[in-house]
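# Breakdown of the fold
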Amino acid sequence: SQQGEEDPQALSIQEGENATMNCSYKTSINNLQWYRQNSGRGLVHLILIRSNEREKHSGRLRVTLDTSKKSSSLLITASRAADTASYFCATDAGPGTALIFGKGTTLSVSS
Amino acid sequence: GAVVSQHPSRVICKSGTSVKIECRSLDFQATTMFWYRQFPKQSLMLMATSNEGSKATYEQGVEKDKFLINHASLTLSTLTVASAHPEDSSFYICSARDYPQETQYFGPGTRLLVL
């Protein structure tokens with residue numbers, strides 16, 4: 001099962017630019033998390049935002065959550081070539097429940 | 001942070017072979033582990049939830065007789081792909097939660113290629 005859509009599916013930018021990815025989900029959530037995956041590799045956890053939070057920062061990452069619209073956004077500022085990867089949002093419905101992933105955005109940052 | 005390992009990292013086998021993948025939580029106990037499958041250029045799809053000491057819960061469309069899950073201890077869950085066929089070729093990823101933390105830690109994945 002899949003929770004929802006990421007938008008855009010693919011994004012190409014230049015180094016130094018900001019990258020914004022959006023995620024929509026369908027059901028009520030407990031937490032929303034963002035992960036990064038380099039091609040053919042495992043997942044790297046980026047940030048978790050709780051359902052009662054609206055915005056969270058971590059380094060160059062900024063995540064927002066709008067539960068009324070069932071959507072979240074991930075902003076990467078001052079992007080680097082090393083940020084090239086696929087980015088997934090994932091939601092859970094509460095303790096002990098599995099994370100359900102969105103379809104992902106493939107980000108390409110060229111130098 | 002918490003670490004989850006998977007073994008093997010890569011498997012190439014002939015059609016009809018059964019393949020076992022191990023998932024271990026290295027520095028925490030996980031009463032619940034999850035198994036995902038990821039096809040090329042696609043997202044992770046939840047296959048099943050594995051609970052220590054009880055039967056796994058499979059997602060709709062996942063054959064429980066083909067994907068056998070055993071969660072024998074608080075640190076080990078295994079996924080056995082029975083009589084694998086080329087269409088089972090995929091990237092299999094396990095994960096576990098370290099309670100009371102809310103982060104779900106993922107293993108590095110096992111790439112299965114069935115010839």
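Residues numbered from 1 in each chain as written. Chains lettered and ligands numbered in written order. Predicted model: local features only at pLDDT ≥ 70, side-chain atom pairs only at ≥ 80, totals over all residues. Heavy atoms only, no water.

### Quick word on the pairing of strand β8 (residues 76-81) of chain B
Residues and elements named next belong to chain B. Taken across its 6 residues, β8 has 6 buried, putting it largely inside the fold. As paired elements, strand β3 (residues 19-25) and β8 share 6 bridges and run antiparallel to each other. Bridged to K20 within β8 is T80. Here strand β7 (residues 67-73) folds back onto β8 in antiparallel fashion, the turn holding 2 residues. (Buried < 20%, exposed > 50% of the residue type's maximum accessible area, 1.4 Å probe, protein only. Helix = DSSP H or I, 4+ residues; strand = E, 2+ residues; numbered from the N terminus. Pairing = 2+ DSSP bridges.)

### A closer look at the interface of chain B and chain A
Each partner contributes to the interface: chain B provides 21 residues, whereas chain A provides 26 residues. At the boundary of chain B with chain A, total buried surface from both sides reaches about 1600 Å², with 50% on carbon and sulfur atoms. In this structure, B:R97 and A:D92 form a salt bridge, with 3.1 Å as the shortest nitrogen-oxygen distance. Inspection of the region where chain B meets chain A yields 9 residue pairs in polar contact (both at pLDDT 80 or more). Residue assignment for the side of chain B that touches chain A shows that the elements contributing at least two residues are β4 (32-38), β5 (44-51), β9 (90-97) and β10 (104-106) of chain B. Residue classes in the side of chain B that touches chain A are distributed as 10 nonpolar, 7 polar and 4 charged. (Contact = heavy atoms within 4.5 Å. Buried area = accessible area lost by both parts, 1.4 Å probe. Salt bridge = Lys/Arg side-chain N within 4 Å of Asp/Glu carboxyl O. Polar contact = N/O pair within 3.5 Å; in protein donor to acceptor, adjacent residues only side chain to side chain. Nonpolar A, V, L, I, M, F, W, Y, C, P; charged D, E, K, R; others polar.)

### Some points on the packing of aromatic side chains
Scanning the entire structure with this criterion turns up 8 aromatic pairs over all chains. Measuring from centroid to centroid gives 5.7 Å for A:F101 and B:F106, while their planes differ by 75 degrees, and the two rings are edge-to-face. Note that A:F101 is positioned in strand β10 (residues 100-101) and B:F106 in strand β10, a pairing that runs across two chains. Taking the relative accessible area as the measure of exposure, B:F106 reaches 11% and is therefore buried. With 6.3 Å between their ring centres and 40 degrees between their planes, B:F67 and B:Y92 make a pair best called tilted. Highlighted residues: B:F67 in strand β7 and B:Y92 in strand β9, separated in sequence by 25 residues. (Phe/Tyr/Trp six-rings, centres within 6.5 Å; stacked < 30°, edge-to-face > 60°.)

### Some words on the pattern of salt bridges
Under the criterion given, the structure shown has 6 salt bridges over all chains. In this structure, A:K56 and A:E53 form a salt bridge, with 3.9 Å as the shortest nitrogen-oxygen distance. As a salt-bridge pair, B:K66 and B:D88 come within 2.9 Å of each other at their nearest N and O atoms. Here the residue B:K66 occupies a position in the loop between β6 (57-58) and β7, and B:D88 occupies one in the loop between β8 and β9, the gap between them amounting to 22 residues.

### With respect to the nonpolar core
Counting 24 residues, the largest nonpolar core has B:C13, B:W35, B:F67, B:L79, B:Y92 and B:L112 as its most contacted members. The set of elements that each furnish at least two residues to this core consists of β2 (10-13), β3, β4, β5, β7, β8, β9 and β11 (110-114) of chain B. The contacts of B:L112, once residues within four sequence positions are left out, are B:V11, B:C13, B:V19, B:V81, B:D88, B:S89, B:S90 and B:Y92. Counting 22 residues, the second-largest nonpolar core is a separate cluster that includes A:Y25, A:W34, A:A85 and A:V109. (Core = buried A, V, L, I, M, F, W, Y, C linked by side-chain atoms within 4.5 Å.)

### What about the sheet that holds β7(B)?
All names here are of chain B. Reading across from one edge, β1-β3-β8-β7 is the order of the 4 strands in this open sheet, with antiparallel pairing throughout. In this open sheet, the two edge strands, each paired with only one partner strand, are β1 (4-7) and β7. Averaged over all pairs of adjacent strands, the angle between strand axes in this sheet comes to 15 degrees, irrespective of strand direction. The sheet contact formed by β7 and β8 spans 5 bridges and is antiparallel. Within β8, the position partnered with F67 by the bridge is V81. (Axes fitted to C-alpha atoms, helices over the stretch in contact; angles between N-to-C directions.)

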